[in-house]
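# Overview (structure and organization)
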Amino acid sequence: MEADLKPLEFEGIRRLLERLCATPFGADAARNIAPAPTLMAARQLQAAIAAARLGLESGEGPVLPDLPDVRAAIRQVASPGAALAGTAFRNLALLLRVGVQLRPYVENRPALLPAGPERLDAAADLLPRMDAVLLPNGNVREDGNEALRRLHGELRAEREQIQKTLQGHLRVAGAKIHWAGQRACVHLPDGAVDNIRGVRRGTGPGGHGILVEPMEMVAGNNRLEKLAGGIEQENQAVLRALSDAARDRLSGLQHLVESLTWLDLAIAGAQLSIHLHGKAAEMVDEPVLVLEGAYHPQLILAYAEKRGPQPRPLSVHIDAECPILVVTGPNTGGKSVSLKTVGLLTVMAHCGLHIPVSGRAVVGNFTRIFVDMGDPQSVAFALSTYSGHVEVLKRLLADADDHTLILLDELGTGTDPEEGAALAMAVLDDLAGRGVRGMVTTHLTPLKAFADAHSCLRNASMRFDQERLEPTYDLQIGVPGSSMGLAIAARRGLPAALVSKARAYLESLHNR
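Here's what I pulled together on the structure shown here. All residue numbers refer to position in the chain's written sequence, counted from 1. Totals for whole chains, interfaces and linings use all residues, but because this is a predicted model, local features are given only for residues with pLDDT of at least 70 and pairs of side-chain atoms are given and counted only at 80 or more. The side-chain quantities take in all heavy atoms of the structure and omit both hydrogens and water.

### A few points about helix α5 (residues 86-108)
- End to end, α5 covers 34 Å across 23 residues, agreeing with the expected 33 Å (1.5 Å per residue, within 8%).
- For α5, the principal kink sits at Leu 102 and spans about 35 degrees; a proline, Pro 104, occurs within the next four residues. In this description a helix means any DSSP run of H or I spanning at least four residues, a strand means any run of E spanning at least two, and both kinds are numbered starting from the N terminus. To estimate how far a helix should reach, multiply one less than its number of residues by 1.5 Å. A residue's bend is given by the angle between axes fitted to the 7 residues ending at it and the 7 residues starting at it.

### A few points about the sheet that holds strand β2 (residues 176-180)
- What makes two strands pair is DSSP finding at least two bridges between them. Strands sit in the order β2-β3-β5-β4 across an open sheet of four strands; the sheet is antiparallel. The open sheet has two free edges, formed respectively by β2 and β4 (198-203), since each of these has just one partner strand. When the angles between neighbouring strand axes are averaged without regard to direction, this sheet yields 40 degrees.
- Inspection of the sheet shows β2 paired to strand β3 (residues 183-188) by five bridges, in the antiparallel sense. Note on β3: the bridge partner recorded for His 178 is Cys 185. The axes used here are C-alpha line fits, helices contributing only the stretch in contact, and every angle between their N-to-C directions lies in the interval 0 to 180 degrees.

### As for the pattern of salt bridges
- Think of a salt bridge as a Lys or Arg side-chain nitrogen and an Asp or Glu carboxyl oxygen that are within 4 Å of each other. As enumerated under the stated definition, the model contains 25 salt bridges in all.
- A salt bridge links Arg 103 to Glu 107, with the shortest nitrogen-to-oxygen separation between them at 2.9 Å. One end of the pair is Arg 103 and the other is Glu 107, both in helix α5 and four residues apart, which spans about a single turn.
- Put simply, Glu 18, Asp 28, Arg 31, Asp 69 and Arg 71 are held in one network by salt bridges that share partners.

### A closer look at the environment of Val 316
- Within the secondary structure, Val 316 is located in strand β8 (residues 314-318).
- Partly exposed residues are those whose accessible area sits between 20% and 50% of the maximum for their type, while under 20% is buried and over 50% is exposed, using a 1.4 Å probe and protein chains only. Among the residues examined, Val 316 registers a relative accessible area of 1% and is labelled buried.
- Considering only alpha carbons, one finds Val 316 and Leu 396, 80 residues apart in sequence, at a separation of 22 Å.
- Residues are treated as being in contact if the distance between any of their heavy atoms lies within 4.5 Å. Discounting chain neighbours no more than four positions away, the residues touching Val 316 are Leu 289, Val 290, Leu 291, Leu 325, Val 342, Met 439 and Leu 475.

### Considering the packing of aromatic side chains
- Geometry of aromatic contacts follows a simple scheme: Phe, Tyr and Trp rings, the Trp one being its six-membered ring, pair when their centres are within 6.5 Å, and the pair is stacked under 30 degrees between planes, edge-to-face over 60, tilted otherwise. Scanning the model with the defined rule gives zero aromatic pairs in all.
- By the criterion adopted, a ring carries a charge over it if an Arg CZ or a Lys NZ lies within 6 Å of its centre and within 35 degrees of its normal. It is Arg 109 that lies over the ring of Tyr 105; its NZ or CZ is 3.7 Å from the centre.

### Side note on the nonpolar core
- Joining through side-chain atoms within 4.5 Å is the link that ties buried Ala, Val, Leu, Ile, Met, Phe, Trp, Tyr and Cys residues into a set, and such a set is a nonpolar core. With 116 residues, the main nonpolar core has Leu 260 and Met 439 as its most contacted residues.
- If you tally residues by element for this core, the top one is helix α9 (residues 250-276), at 13 residues.
- In this view, Leu 260 contacts Phe 25, Leu 64, Leu 67, Leu 95, Val 98, Leu 102 and Leu 120; residues no more than four positions away in its chain are not counted.
- Formed by 23 residues, the second largest nonpolar core is a distinct cluster that contains Ile 406, Ala 421, Val 427 and Leu 457.

### Observations concerning the packing of α5 against helix α6 (residues 126-133)
- Close contact between α5 and α6 brings their axes to 10 Å; oriented N to C, the two are set at 140 degrees. The angle between α5 and α6 falls in the class oblique. Between α5 and α6 lies a crossing whose hand is left-handed. Every residue of α6 that contacts α5 at Phe 89, Leu 92, Ala 93, Leu 96, Arg 97 and Val 100 is listed here: Leu 126, Leu 127, Met 130 and Asp 131.
- Residues are sorted three ways: Asp, Glu, Lys and Arg are charged, Ala, Val, Leu, Ile, Met, Phe, Trp, Tyr, Cys and Pro are nonpolar, and all the rest, Gly among them, are polar. Its residues placed into classes, the contact of α5 with α6 shows eight nonpolar, no polar and two charged. The scheme is simple: roughly parallel for angles under 35 degrees, roughly antiparallel for over 145, roughly perpendicular for 65 to 115, oblique for anything else. Crossings are classed by handedness, with left-handed meaning an anticlockwise turn of the near helix from the far one by less than a right angle and right-handed meaning a clockwise turn.

### A word on the sheet that holds strand β10 (residues 361-364)
- The four strands lie next to each other as β6-β10-β7-β8, forming an open sheet whose pairing is mixed. Of all the strands in the sheet, just β6 (282-284) and β8 have a single pairing partner and so form its edges. Shown here is a sheet whose adjacent strand axes are inclined to one another by a mean of 25 degrees, direction ignored.
- Contacting β6, β7 (289-294), β8 and β10, helix α11 (residues 335-351) runs over the sheet at an angle of about 115 degrees to β7.

### Here's the deal with the side chain of Ser 243
- Among the structural elements, Ser 243 can be located in helix α8 (residues 218-248).
- Think of a polar contact as two N or O atoms within 3.5 Å of one another; within protein, one of them needs to be a possible hydrogen donor and the other a possible acceptor, and neighboring residues in sequence only count if both atoms come from side chains. In this structure the side chain of Ser 243 is engaged in a polar contact, spanning 2.8 Å, whose partner is the backbone oxygen of Leu 239.
- Setting aside residues no more than four positions away along its own chain, Ser 243 makes contact with Val 77, Ala 82, Ala 83, Leu 84 and Phe 89.

### So, the pairing of strand β11 (residues 368-372)
- In terms of residue burial, β11 counts as a mostly covered element, since five of its five residues are buried.
- Relative to β11, strand β1 (residues 2-3) is paired through two bridges, and the arrangement is parallel. Along β11, the bridge assignment pairs Ala 3 with Ile 369.

### Re unusual backbone geometry
- Following Gly 61, the chain continues into Pro 62 via a peptide bond in cis, with omega recorded as 10 degrees.
- In this structure, Pro 62 sits in the loop between α3 (39-58) and α4 (71-77).
- Backbone geometry at His 277 places phi at a positive 55 degrees, although glycine is not the residue there.
- Within the chain, Glu 410 stands out as a residue other than glycine whose phi angle is a positive 60 degrees.

### Examining the environment of Gln 101
- Relative to the elements of secondary structure, Gln 101 occurs in helix α5.
- Taking C-alpha positions, Gln 101 is 37 Å from Arg 150, a pair spaced 49 residues apart along the chain.

Functional significance is not addressed by these values, which are geometric in nature.
Have a look at this one:
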């Protein structure tokens, strides 16, 4: 599906999902989530979210721990001859263990991971190999192989011998043994440096005193450095061999990251579903849209956080019998919010996310959602508001077909009302002939009669409380609305005499 996501404020949903993810790769997936390429793919994520939600609400999980980002390490290990650092293997081991722990859980809930639970531990046989040669912090074990056992044994023996030899130099007041890498020195206080013959190795810790390497220690320290160099070479050989083993299991490691990404996104989607009291929409091939008791997600969250009023439910039916709704009513009646709600929930459903609907939720296989909302004027391209709307309509008319959902706000505005209404009628007639589905809002009175007489258009209005002059946000299909401009102006405090004169002018216009 192609969709105009920006005017629908879909970025807000992405940010919510990202904050709910536990892993860096899940967060990346949330930041880039978009309508799925097929209905089947959308249904799979819907089912995974439903399974994750059931587990979360029952207290069984799953809950992913914070995990490190290993994608760079996996890309590196794919290169022949590359040797990962021990810390990279430590991070890989964390992921591998989580995959092993999750497999039994996912086996009992197959909807959680459509690709199959075996992908979670496809590279798990790396773990024993890692444990055999690496410590939990990623350092190579001293007994990682026979050569390392021998080298570390020789290093310990040499250090012990040097420690004994240095004891004789500690008779100098304030003298201490200090190791500079693999070289043993004596830390002497200022003024005592001449008491030991040797090589000066700089100042002591914190810039206090002098480090002196006694002459008789030089040969032993050289042996220590040689042994340490041999150990480092052997460590690199161990890491290289382990990297070769990881390379042989590259697809398994990639499948693990992909699986954890999917699970993280599904768990985040489940948490969002809980917050929104959401449900999975029924995804069908026909271009229909049924939303009963639908809510805009941001309004639900704002109310839950005491930042906004209690949202009102919206119900919309768009199908072959009622293809395009022409919505009229006052400016404050909620027409634009209804468009955004319909568009946002349709996009969310196509992404595989649950949507906040209390009743039926049926979303058709729309291949394109076309949105014209707000002011499209552009100073940079010298476009007026009307010219901007015309450019949008050109794109719409070039591509719209019977699986296009249109959401057009204030169609026909920005120019002379009669010409705008005429253009809107021609556009709607053309789109209806193509089998396009959607909603259009307008204040143009001629469009109400046009919709009433057109076989593919239906009037609709946002019901308004005439006594309180307040919107109810209830969409009524089959009933045209009134703009209520003068009544609202009076309620907002314009002088009564001015409003009365406006009513007189309005009556004279109607009598022409």
